[in-house]
Amino acid sequence: MRNKNNTIMHEKKTKIICTISDRRCDPEFIKSLYKAGMDVVRINSAHTSLDSSLKIVENVRKVSDKIAILIDTKGPEIRITRMDNEGFTVDSGDIVEFADDVYGTSTKGLLYTNYSNFVSEVPVGVNILIDDGEISLTTKGKRNGRLICVANNKGIIKGKKSLNVPDVNIKLPSISDRDKEFIIWAVKNNLDFIAHSFVRNRDDLLAVQMILNEYNSHLKIISKIENQEGVNNIDEILSYCYGIMVARGDLGVEIEYQKIPTIQRDIIKKCQARKKPVIIATQMLHSMIEHPRPTRAEVTDVANAIYQSTDAIMLSGETANGLYPLEAVHTMTKIALEIEKQHEPFHNLNLVDVSEPVAAVLAKGIVDATAKLPIKAIVFDTMTGRTGRYISAFRPNVPIYAKCYKDHVVRELSLSYGVYSYLINVYDSKDDFIKSSVKTLLKDKCFHRKDMIGVVGGSFGPSAGATFLEISTAMNMIM
C-alpha cells in the first residue's frame, strides 16, 4: 500500500478484533472500524439473540467479505439465578447460603445457581467470588442441603451475576443447549470462528467439534482460557483447536493476578511453536469506554502483548458500547505500528506438530532470506492456510500476501500475524499463479516492480502443499 507520495507504507501486522453489539452495528460504523484497522468482528452470544446476531453478520458482509466473524459461546459458566429485586447488600461477616435449584429465585441471604450440583461439588474452606471478584465469600460448612458461607467484604449481590470458585474443578457440561443452538446457527450462516468459553480440557473441544462435524462445517474453534484447569491442560487443548484466546477477565478472577503476565507470555510461546493463532483479550483499552485517550498503563499492556508476539489483540466494551470506539481502534493500530518497527524475525523457532515438513522448511527459508536479501514481501498460495501459518510463526518483518483458493481461508487468515489474503482461482501452472498474483499485488500497490519478493507455492496442484520457493524482482516474476 502506498501513501500520496507514492512510497510504500508500513502495514499493521498485528490483527485487531472488535466486539460489535446489535445496538450499534450499522454498516457505516463497521466500515469506519474496518478502515481504522479492525480485522475480525466478535459477537458475544451472552448479550445477543440469534436474530440480533444475524443483523450484525449481515451488516458486516455489506462492508467486506474479507472480515472474519467470531462468535463466543457462554460455555460452562456458573451464575446466580434471577432475583425479583435489584439485589441486596452484604457486610463483612454476614452469612450467605446456597441451595441447589436451577429454577429457584434467589433472595436476600439465599442464593440459587444455574448448576444443579453446586452445593454438593463445592467443598468447605474455599472462596467463592461473585461478579468477577467484586464480592468474596468463604465456605464454612454444609447443613440441610445448603452451603453456608461468610462474606469477606461489603458489596451488593445481584441476580444473574457470575460465580467463580478458584482451584475447584466443577463438573459442568461442556456446552449448554443455548450454546448448541448458537453453534448450529453459526454453521448455517457461514461464520468463521467459534470461541468456546471456559475450555478446561480436550473434552470441551470435542463436544463442539462433534457438532461441527455433524454439519460438515469449516468453522474453526478458538479455545478461551479462563481458569487454572485450562492453563494446566494447555498442551492438550492446543491439539484440538485452531487457536487460543487468553481471556484475562475470568482468568484474573480464577488465578492470582500476579501470575497472569507469565501465563500470557507462556501461552503465546506455546501457540507460536504450534503455529496456532493467539489472541490477547480483556480490558486492553478499558478506560476508552468513557475517555478519548488511553492510560499509559493500557498502552504498555497492548505494547507488551505485541512484543510477546501475539497474533491478535481484542477490544470488548470499548467498541461494543463505549463512547470512543473508533478512537480505540485507531489507538491500537498506532501502538501496533510503532512496536512492530522494533520486531525481529524468529530464525531459531522450532515448529512442533508439523504436518507438512516441506512447507515448514520453505517457510523458514523464505523468512531467513528476508534477513539477508532486500525482500519487500512474501507471496504464497494455499488451500488450507497452513503455509501462511507456518510463515507467520517465524514473524518476518515484511508483509505476507496469501493467495487463497477458498473464501473461508481468506477470513481465517485474518487472525494470523502479518498475513493479508486474496481469493483466487486455481491456475493451470505455477508460472500462471506467480504472474497473476504478482500483477494483482502490483496493481494494488503492495510493492514496486523493481522490488525483490519471495514466492512460496506448490508445483503439483493447490492441494499438494508448498513445494517450491522463488526469489526475484516483481518485474522478473511477470515477464
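Refer to the structure above for everything that follows.
What you see is a predicted model, and the numbers here were worked out from it, not measured in a lab.

Within the largest apolar cluster, 64 residues are counted, with the highest numbers of intra-cluster contacts made by Ile244 and Ile267. Setting aside its immediate chain neighbours within four residues, Ile267 contacts Ile225, Ile234, Ile244, Val246 and Val278.

Counting buried residues along strand S21 (residues 452-457), five of its six residues qualify, which places the element largely inside the surrounding structure. Across five bridges, strand S18 (residues 375-382) lies against S21 in parallel orientation. Opposite Ile375, over in S21, you have Met452 as the bridge partner. Where S21 meets strand S22 (residues 468-473), six bridges bridge the pair, whose relative direction is antiparallel. Residue pairing in the sheet places Val456 in a bridge with Leu469 of S22.

What follows is about unusual backbone geometry. Backbone geometry places Phe198, a non-glycine residue, at a positive phi of 55 degrees. Looking at where Phe198 falls in the secondary structure, it is placed in the loop between strand S13 (193-196) and helix H5 (202-214). Of note in the backbone geometry, Thr282 takes a positive phi value of approximately 90 degrees without being a glycine. Summarising the element assignment, Thr282 is placed in the loop between strand S16 (278-281) and helix H10 (296-307). Accessibility expressed as a relative area gives 21% for Thr282, which makes it partly exposed.

It is worth spelling out the environment of Ile80 at this point. Mapped onto the fold, Ile80 is located in the loop between strand S4 (78-79) and strand S5 (88-90). The buried category is assigned to Ile80, whose relative accessible area is 2%. Separated by 79 residues in sequence, Ile80 and Gly159 have C-alpha atoms that sit 5.5 Å apart. Apart from residues lying up to four places away in sequence, Ile80 is in contact with Ser106, Leu111, Tyr112, Thr113, Ile130, Ile157, Lys158, Gly159, Lys160, Lys161 and Leu163.

Its location among the elements puts Asp192 in the loop between helix H4 (177-188) and S13. Since its relative accessible area comes to 2%, Asp192 is described here as buried. A distance of 2.7 Å separates the side chain of Asp192 from the side chain of Arg411, its partner in a polar contact. Setting aside chain neighbours within four positions, we find Asp192 in contact with Ile67, Ala68, Ile69, His218, Leu219, Lys220, His408 and Arg411.

Cut-offs used in this document
- Residues numbered from 1 in each chain as written.
- Predicted model: local features only at pLDDT ≥ 70, side-chain atom pairs only at ≥ 80, totals over all residues.
- Heavy atoms only, no water.
- Core = buried A, V, L, I, M, F, W, Y, C linked by side-chain atoms within 4.5 Å.
- Buried < 20%, exposed > 50% of the residue type's maximum accessible area, 1.4 Å probe, protein only.
- Contact = heavy atoms within 4.5 Å.
- Helix = DSSP H or I, 4+ residues; strand = E, 2+ residues; numbered from the N terminus.
- Pairing = 2+ DSSP bridges.
- Polar contact = N/O pair within 3.5 Å; in protein donor to acceptor, adjacent residues only side chain to side chain.

Function cannot be inferred from these measures alone, as they are strictly geometric.
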